[in-house]
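Observations on the three-dimensional arrangement
Residues per chain are reported as follows:
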Amino acid sequence: PDALLDIARHSIALDDTKFIKEKNNIEDAAKYLNTILIRHPAHATAKEAEDMSVLLRGQNPGLPDISPSERFERAEALFSAAKFAPAIAEYNKIRDEVRGSNNQEYNVKAALKTAQVLMRLRRYAEAESELKVLLAGHEGGEIPPNAVYLMAVCLARQGKLDELIDAE
């Protein structure tokens, strides 16, 4: 990540006032910054990469945004690094982005991962409500097997044995 940040800095040649002096490698710099933001969001360089990315996008509005699949990869990296609050925020962004679109696969994945994060934080009631919403949306359709398993774990951890038997 440090090397990628250095390459991005040199690609855009920032001056002291944070204005881009040369515009010859802006797309390359954006790619390097996105790599840091997607694959290494918990690294020390991520904050500076995010600031530079905001600066680039402000001066070049045509740069492509992070796709839902890239945002999911970023959220997974945050989850793996035990950065749970930012991971939940990223999963929620994914769900907002895909709401109303045909790409409901990421909505289901993000809902499941949000429930997992909440369970790691021992916020079982919140995880249960996330899963209830997900399962209610799949009535009559195929229920994700992980959702049923996670629901059972949430109910067991809360001591809701009657509801656990219903979930079974």
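Residues numbered from 1 in each chain as written. Predicted model: local features only at pLDDT ≥ 70, side-chain atom pairs only at ≥ 80, totals over all residues. Heavy atoms only, no water.

**Here we look at the packing of helix 6 (residues 104-120) against helix 8 (residues 145-157)**
Helix 8 packs onto helix 6 with a crossing angle of 20 degrees between their chain directions and a minimal axis gap of 10 Å. Between helix 6 and helix 8, the interaxial angle falls into the category roughly parallel. Here the hand of the crossing between helix 6 and helix 8 comes out left-handed. Contacts between helix 6 and helix 8 involve Leu112, Gln116 and Met119 from the former and Asn146, Ala147, Leu150, Val153 and Cys154 from the latter. (Axes fitted to C-alpha atoms, helices over the stretch in contact; angles between N-to-C directions. Helix = DSSP H or I, 4+ residues; strand = E, 2+ residues; numbered from the N terminus. Parallel < 35°, antiparallel > 145°, perpendicular 65-115°, else oblique. Left-handed = near helix turned anticlockwise from the far one by under 90°. Contact = heavy atoms within 4.5 Å.)

**Structural notes on the packing of aromatic side chains**
Counting across every chain of the model gives three aromatic pairs. Chaining the aromatic ring pairs together yields one cluster made of Phe72, Tyr91 and Tyr106. The lysine or arginine in question, Lys109, covers the ring of Phe72, its NZ or CZ lying 5.6 Å from the ring centre. Lying over the aromatic face of Phe79, Lys113 brings its terminal NZ or CZ to 4.3 Å of the ring centre. (Phe/Tyr/Trp six-rings, centres within 6.5 Å; stacked < 30°, edge-to-face > 60°. Lys NZ or Arg CZ within 6 Å of the ring centre and 35° of its normal.)

**As for the nonpolar core**
In this structure, Tyr91, Leu112, Met119 and Leu131 are the most contacted members of the largest nonpolar core, which totals 32 residues. Those elements that place two or more of their residues in this core are helix 4 (68-80), helix 5 (84-98), helix 6, helix 7 (124-136) and helix 8. Looking at which element gives the most residues to this core, the answer is helix 6, with nine residues. What Met119 contacts, discounting residues up to four positions off in sequence, is Tyr124, Ala127, Leu150, Val153 and Cys154. In this structure, Leu5, Ala30, Leu33 and Ala49 belong to the second largest nonpolar core, which totals 14 residues. (Core = buried A, V, L, I, M, F, W, Y, C linked by side-chain atoms within 4.5 Å. Buried < 20%, exposed > 50% of the residue type's maximum accessible area, 1.4 Å probe, protein only.)

**Examining the environment of Ala81**
Here Ala81 lies in the loop between helix 4 and helix 5. In this structure, the C-alpha to C-alpha distance between Ala81 and His43, residues 38 residues apart in sequence, is 9.3 Å.

**Some words on unusual backbone geometry**
Phi is positive for Ala82, close to 60 degrees, though the residue is something other than glycine. In this fold, Ala82 is placed in the loop between helix 4 and helix 5. The residue Arg122 is not glycine, and still its phi comes out positive at about 60 degrees. As for its position among the elements, Arg122 is in the loop between helix 6 and helix 7.

**Things to note about the confidence of the model for the protein**
Chain-level pLDDT for the protein is 85 on average; 89% of the residues reach the 70-or-more range. The lowest-confidence element of the protein is helix 9 (residues 161-167), averaging 78 in pLDDT; the highest-confidence one is helix 4, averaging 93. (pLDDT = per-residue confidence, 0-100.)

**With respect to the pattern of salt bridges**
Using the criterion set out here, one finds 17 salt bridges in the structure. Measuring nitrogen to oxygen at the nearest pair gives 2.8 Å for the salt bridge that ties Glu48 to Arg9. One end of the pair, Glu48, is in helix 3 (residues 46-59); the other, Arg9, is in helix 1 (residues 2-12), and 39 residues separate them in sequence. One salt bridge in this structure joins Glu163 and Lys132, with 4.0 Å as the shortest N-O distance. Residue Glu163 is located in helix 9, and its partner Lys132 is located in helix 7; the two are separated by 31 residues in the primary sequence. (Salt bridge = Lys/Arg side-chain N within 4 Å of Asp/Glu carboxyl O.)

**Here's the deal with the environment of Ile88**
Mapped onto the elements of the fold, Ile88 is located in helix 5. Exposure remark for Ile88: the relative accessible area of 13% places this residue in the buried category. Separated by 29 residues in the primary sequence, Ile88 and Val117 place their C-alpha atoms 7.1 Å from one another. The contact partners of Ile88, leaving out residues within four places of it in the chain, are Val117, Leu118 and Leu121.

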